[in-house]
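Spelled out from the first residue to the last, the chains are:
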Amino acid sequence: MREVRVIDSHTAGEPTRVVIAGGPDLCGGTVAQQLAAFRRDFDAFRSAVVNEPRGNDAMVGALLCEPSDASCTAGAIFFNNTGYLNMCGHGTIGLMVTLGYLGRLAPGVHRIETPVGVVSAELHEGNEVSLDNVPSYRESHALTVDAPGHGAVTGDVAWGGNWFFLVEGSPVPIDLAHVEELTAYTWAIRQALDAMGLSKIDHIEVFGPPRNPSAHSRNFVLCPGKAYDRSPCGTGTSAKLACLQAAGKLRPGEVWRQESIVGGVFEGSYSIVDGAVIPRIRGSAFVTADAKLILDERDPFLWGIRR
């Protein structure tokens, strides 16, 4: 039997499972190179950690690894039920709170190496984290796709650490009672993007009016594995900030509060550094479990239930 130590947390309701010990040896290099080795040689381990029967479709994993950049406190590879994420905002917030829980870092600013670059995150008192994300930008404005069963849908394409198609004004109410309809609608948009050769866009984000009086909008985010994000989505909020900046609707330092479908709120703003939009996302996370996963070679579902 093999034991894998994990720390579970949630960031505004969205789970993160950080692998602290018992993960595969990725033989060093940059975190991007370690991700390539993970994907090539250890994908079954990814499935074992986040898929049923140990996990679920909403679970996001984070493999703690050695950074190649000496200025970084840690490296992290993020993954989900069907594959790997370039970056994960809620996961980085969860990682910071997890490392604080373990006593591995004190409140203050720390650098984390991810597959798409180094991010800076500040651990505050009270389980709050401010994340300075990777440079973000709007690539396309007002792109129209023909979503099967829904007709023409117009949105923006933006990078916030992952690729997003962002749609203002959801035809479906953004609430938990309409999750199935929202999933069908956003999945149809993704199918339309795939048909256009835009399969790099693996997150779909739709917006509606907020319920929290302090928030500016409420969103629903469909993730690559067809699960929805319980949090307001860190990379999705970063992509939103980039679109607002490109449209001249948000000034540097001005705060945008993004509410999620379950009611959590991320506070977002941005700065301009060397001409690039650098989003800052502030949210909180809480540790929910400190556990050991058991990988038993006799178990017919040792490597998880895979799609």
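What comes next concerns the included structure. Values in this document were obtained by computation on a predicted structure and should not be read as measured data.

### Describing the layout of surface pockets
One number sums up the size of the largest pocket: a volume of about 310 Å³. The wall of the largest pocket is formed by 21 residues, among which Ile20, Leu64, Cys65, Glu66 and Pro67 lie closest to the centre. A per-class count over the lining of the largest pocket returns 13 nonpolar, five polar and three charged. One number sums up the size of the second largest pocket: a volume of about 240 Å³. If you go around the second largest pocket, you meet 13 residues; those closest to its centre are Asp156, Glu168, Lys240, Cys243 and Lys249. Elements with a contribution of two residues or more to the lining of the second largest pocket: β9 (137-147), β10 (151-159), β11 (163-168) and α5 (234-246).

### Overview of α5
Compared with an ideal rise of 1.5 Å per residue, which puts 13 residues at 18 Å, α5 spans 18 Å between its outermost C-alpha atoms and is within 8% of the ideal. Buried residues dominate α5, accounting for 11 of its 13 residues. Where α5 is concerned, the buried positions are Gly234, Thr235, Gly236, Thr237, Ser238, Ala239, Lys240, Leu241, Ala242, Cys243 and Leu244.

### Things to note about the nonpolar core
With 59 residues, the main nonpolar core has Val153, Phe165, Ile189 and Phe220 as its most contacted residues. Top contributing element to this core by residue count: helix α4 (residues 179-195), with seven residues. With 21 residues, the next largest nonpolar core counts Val4, Val50, Tyr84 and Leu295 among its residues.

### With respect to helix α3 (residues 89-101)
For α3, which comprises 13 residues, the first-to-last C-alpha distance of 19 Å matches the rise-based estimate of 18 Å (1.5 Å per residue) to within 8%. Burial within α3 is extensive, with 11 of its 13 residues counted as buried. All of the buried residues in α3 are Gly89, His90, Gly91, Thr92, Ile93, Gly94, Leu95, Met96, Val97, Thr98 and Leu99. One or two residues past the end of α3 sits Gly103, with phi positive at roughly 75°.

### Points about the pairing of strand β4 (residues 74-79)
Within a regular beta strand, the side chains point alternately toward one face of the sheet and then the other, so they alternate between its two faces. Here β4 lies mainly inside the structure; six of its six residues are buried. Burial along β4 is two-sided: the face carrying Ala74, Ala76 and Phe78 and the face carrying Gly75, Ile77 and Phe79 are both buried. In this sheet, strand β6 (residues 108-114) lies alongside β4 in parallel orientation, the contact comprising two bridges. Bridging across to β6, Gly75 finds its partner in Glu113. The sheet contact formed by β4 and strand β5 (residues 84-85) spans two bridges and is antiparallel. Across the sheet, residue Phe79 finds its bridge partner in β5, namely Tyr84.

What counts as what
- Residues numbered from 1 in each chain as written.
- Predicted model: local features only at pLDDT ≥ 70, side-chain atom pairs only at ≥ 80, totals over all residues.
- Heavy atoms only, no water.
- 1 Å grid on protein atoms, 1.4 Å probe; cavity = no way out; pocket = protein on both sides within 12 Å on 5 of 7 lines; lining within 4 Å.
- Points joined across faces, edges and corners; volume = space filled by probe spheres on them.
- Nonpolar A, V, L, I, M, F, W, Y, C, P; charged D, E, K, R; others polar.
- Helix = DSSP H or I, 4+ residues; strand = E, 2+ residues; numbered from the N terminus.
- Expected span 1.5 Å × (residues − 1).
- Buried < 20%, exposed > 50% of the residue type's maximum accessible area, 1.4 Å probe, protein only.
- Core = buried A, V, L, I, M, F, W, Y, C linked by side-chain atoms within 4.5 Å.
- Pairing = 2+ DSSP bridges.

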